[in-house]
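A closer look at the structure
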Amino acid sequence: MNWEQLLSLKRFGDTNKRIRKEQDETRLGFEVDYDRIIFSSEFRSLQDKTQVIPLSQTDFVHTRLTHSLEVSVVGRSLGRKVGQKLLEKHPHLQNVHGYQVNDFGAIVATAALAHDIGNPPFGHSGEKAIGEFFKNGAGKTYKNELTPKQYQDLCDFEGNANGFKILTQNRDGRQGGLRLSYATLGAFTKYPKESLHKKPTKHIADKKYGFFQSEKEAFADIANELGLIKRSKEHLSFSRHPLAYLVEAADDICYTIIDFEDGINLGLIQEEFALEYLSKVIRDNIIPENYYALTNKEDRVGYLRALAIGALINDAVDIFMKNEEAILNGDFDCALLDKSKYDAQIKDIIKISIENIYQSEEVVDKEIAGYQIINKLLGVYTAAVNNSYSGTTSNYDKLILNRLPKTINFKSDDLYQRLLAVCHYVSLLSDSKAIQNFMKIEGVTF
């Protein structure tokens, strides 16, 4: 792969090539991408979607929105630092093509901003709940009417693939979705493959999948424009866009450190653990007198968090640059932080977070409720949509259909498209809206 192609400013529908040197420096194309995501309704709904503690009543716990903004900030720093080093190493990118340090920062920041935009309500348990409906629930009846890849899309419903759908799908008056640059879409796609085969190798790009069958052609077009390396002759699978490693690192840094911080602020993890574990990451940067001068827990933990994020950013940049050639050749097969000199400390922090936060009673109870809510919504909506298609609509179905949004096509002749449309609609619901819809269907509220 080469950086000239990887930094493509092309958007869906473009007929002429976009040249970096011809860009308006006051509002670059990559910055336009960022703005379009910020102003999208799908991004706004993240303010009421679970990050760690579902529907928490405390004001300092992160939602998907605040998490996404923080990942974007870390991603921007990663992109700029890497961009500076890449332009020093490959000066023609700047001298001939006009690329600047901030271009790299803008691409990574934008892809990071959108990295959770496709996540259903109730966190990762929401993805599992949708999959469970088709693997073992009422949706299993559709298996023989779908291709193996279509059925796998539903059984392993993937927020990353759903995010790619949000960013690129056509609808009336909005061809090409948000019409983001191909560079940003490439950096967004951490798993540039279809749902089958599952985990064909241990390469990080094969861990999950990044697009549904409905967006297969769209991704192939993007991959070809960016010059991504094909990794399979039989299935659609490509090497990662190099900047996707930075998006992943930004997310890894934030959920490792900030979820840990949330757990301490909630009292689920003892404050002493923060100093014990984070000090091993920031031992070269911490100023003890500054730390002990802080008089409350939130400030002390915040000080440690800021230093830890800075240390991990610098470490990730070093790892990326040391492995740039392998990354461009598609040979770097793990996440950047898997090679971190702080790997042991990161694993210790994650272990504590799993035991004290992710498996806490509050989190598990809300995930249980989320399973029931999503299962009910999918059952009612898929029945109404398919009954309408077959001409067997009941009066109840008609009432349900009347409440579905007109912006999503539930009337396709293709069963897969109808089922995916229902899953997509449910995935767009905020936690509160999903609960509200569930209560209406159950007759609990009017």
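For the structure itself, consult the block above.
Residues numbered from 1 in each chain as written. Predicted model: local features only at pLDDT ≥ 70, side-chain atom pairs only at ≥ 80, totals over all residues. Heavy atoms only, no water.

1. Topic: the nonpolar core
Ranked by size, the top nonpolar core spans 91 residues in total, and within it Trp3, Ile37, Leu78, Leu167, Leu243, Phe320 and Leu336 carry the most contacts. Among the elements that take part in this core, helix α15 (residues 297–322) stands out by supplying 13 residues, more than any other. Once residues lying within four places of it in the same chain are set aside, the contact partners of Ile37 are Phe43, Thr110, Leu113, Ala114, Ile117, Leu167, Leu178 and Leu180. With 38 residues, the next largest nonpolar core counts Ala129, Phe133, Leu154 and Ala434 among its residues. (Core = buried A, V, L, I, M, F, W, Y, C linked by side-chain atoms within 4.5 Å. Buried < 20%, exposed > 50% of the residue type's maximum accessible area, 1.4 Å probe, protein only. Helix = DSSP H or I, 4+ residues; strand = E, 2+ residues; numbered from the N terminus. Contact = heavy atoms within 4.5 Å.)

2. Details of the pattern of salt bridges
The tally for this structure, following the rule as stated, stands at 21 salt bridges. Two residues, Lys216 and Glu194, come together in a salt bridge whose shortest N-O distance is 3.3 Å. With Lys216 in helix α11 (residues 216–226) and Glu194 in the loop between α10 (182–188) and α11, this pair connects stretches of sequence that are 22 residues apart. Owing to a relative accessible area of 27%, Lys216 belongs among the partly exposed residues under this scheme. Judged by its relative accessible area of 1%, Glu194 falls in the buried class. Lys347 is paired through a salt bridge with Asp343; the nearest N and O atoms lie 3.1 Å apart. Here Lys347 pairs with Asp343, and both are found in helix α17 (residues 343–358), just four residues apart, close to one helical turn. Within this structure, Asp14, Arg18 and Arg179 form a network of salt bridges that share partners. (Salt bridge = Lys/Arg side-chain N within 4 Å of Asp/Glu carboxyl O.)

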